[in-house]
Structure formats: C-alpha cells, structure tokens
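Topology and contacts: notes
Chain residues, written in single-letter form:
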Amino acid sequence: MAAPLQGLVESAPGEGLPAWDPGPRGRSVPWWWVGCHGGAGASTLAAAVGGVDAGPRGWPVHPDQGRSRVLLVARSHARGLEAAQLASRQWASGVVGNVDLLGLVVVADAPGRLPRKLQQWLKLVAGGVPHMWTVPWHEPWRLGEPVEAETSPKEVVRLGRQLAQALGGAGAAAR
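Below is a short write-up of the structure. The model shown is predicted, which means the values in this text are computed figures rather than measured ones.

**A short note on the nonpolar core**
- In this structure, Trp-59, Val-70, Leu-72 and Leu-104 are the most contacted members of the largest nonpolar core, which totals 27 residues.
- Elements with a minimum of two residues in this core: β2 (32-35), β5 (68-75), α2 (78-92), β6 (99-107) and α3 (116-126).
- A total of six residues in this core trace back to one element, the largest contributor, which is α2.
- Those residues in contact with Val-70 that sit more than four places away from it in its chain are Trp-32, Val-34, Trp-59, Pro-60, Val-99, Asp-100, Leu-101, Leu-102 and Gly-103.

**Section: the sheet that holds strand β3 (residues 52-53)**
- In spatial order, the strands read β3-β2-β5-β6-β7; together these five strands make up an open sheet with parallel pairing. Only two strands of the sheet have a single neighbouring strand rather than two, namely β3 and β7 (132-135).
- For β2 and β3, the ladder comprises two bridges, and the chain directions are parallel. If you follow Trp-33 over to β3, its bridge partner there is Asp-53.
- Lying on the sheet, helix α5 (residues 154-166) is in contact with β2, β5, β6 and β7; it crosses β7 at an angle near 150°.

**As for the side chain of His-62**
- In this structure, His-62 sits in the loop between β4 (59-60) and β5.
- The exposure class of His-62 is buried, given its relative accessible area of 2%.
- Discounting residues that sit within four places of it in the chain, His-62 has contacts with Pro-22, Gly-23, Gly-26, Arg-27, Arg-67, Ser-68 and Asn-98.

**Side note on the pairing of β7**
- Only one face of β7 is buried, namely the one carrying Trp-133 and Val-135, since none of Met-132 and Thr-134 on the opposite face is buried.
- Here β6 pairs with β7 via four bridges, running parallel. Bridge pairing in β7 places Val-106 opposite Thr-134.
- The β-α-β motif built from β6, the intervening α3 and the parallel element β7 has right-handed crossover chirality.

**Here's the deal with α3**
- Those residues of α3 lying buried are Leu-118, Leu-122 and Val-125. Viewed end-on, α3 has its buried residues packed into an arc of 65°, placing them on one side of the element. More than 90 degrees from the buried face of α3, the exposed residues found are Arg-116, Lys-117, Gln-120, Lys-123 and Leu-124.
- For α3, the elements touching its buried residues are α2, β6 and β7.

Cut-offs and rules
- Residues numbered from 1 in each chain as written.
- Predicted model: local features only at pLDDT ≥ 70, side-chain atom pairs only at ≥ 80, totals over all residues.
- Heavy atoms only, no water.
- Core = buried A, V, L, I, M, F, W, Y, C linked by side-chain atoms within 4.5 Å.
- Buried < 20%, exposed > 50% of the residue type's maximum accessible area, 1.4 Å probe, protein only.
- Helix = DSSP H or I, 4+ residues; strand = E, 2+ residues; numbered from the N terminus.
- Contact = heavy atoms within 4.5 Å.
- Pairing = 2+ DSSP bridges.
- Axes fitted to C-alpha atoms, helices over the stretch in contact; angles between N-to-C directions.
- Right-handed = clockwise from strand over helix to strand, strands pointing away.
- Arc of directions from axis to C-beta.

What follows is the structure in structure tokens.
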C-alpha cells in the first residue's frame, strides 16, 4: 500500500477535500468512493462495483486510528483533473490521516479520445496516486439506464475484480 510523502509534498490550507467522521458504521465499509468534484461518477461506480459513495462530504477519516480505504473519482475534463490533482496532493502531503488511498478512477466526460493537453495532465495526475483506472464513456448511463455490473463497460468489471482480489473479496466487487 502506498503511503503519503509527509514533508515532501505541500498542500495549501483549504486546498482539496474536507474530512468527516463516518462513525461506527464506517468501519464495515470495504472501501469508499470519494468524488473529487460534483458529478464525478462516485455513486455510479458504487452501484456498478460495490463499496460506498462518500457523497459530497470528502475524506472519510476515523478519528480513533481506524483506517478508511478510499478510491478517488474524477471526470476527465480539466476541472475534474484539477480536482483530482488537488485531492491527491492533499493525501500525499499527509494532512489526511487514517486513509489508505487505493487509487484514482477517471471517468470519461465525453466519447472519444482525450485531447493531448488533457492526456498529458492525466499522466501527471496519475503519478501522484498509487494506481489509476480509466472508465470510458458509456452512453446508457448518460441516458439513465440502470447501473448494473453485467451491462457496465469491461473496464468497470475489471476494476471490480481487481478491487475484490486486492482486498480479499471485501465488498461486492466481483458481482
């Protein structure tokens, strides 16, 4: 598991996501999906793969030394990549305690390839997290069709399998 780079990476006060206490219920959560910004796709991934969407609250941090496993989620547009970069810098600086960052999931904001500028930015952001997954554009989700593992893109199914394997079958990742 990757660890923060305390003292090597700076995070400005107020930069990144807030922290909140998930309470006793949070201990049974296999992992949290934390949206780096509104509309990132955290609730969709929770429905397709398992785990729990942290909602708009930010980092689920147990004050009593319990650990939260977190996957950051962002869209592939400029605002999403900026938010992911800020959140990953915040984690890397060590100011977010008691969080095991599993990685970042970047959800396509449009069909097709990313423009070169965004590809380069995505590569930079990916260097600041333990692992990165990408989820392609999926038109049925845009049209409001039910989110199910069976009809999700193969990249989402693969993500679920990798999480289940890495975490010893925790959650319903291999639905």
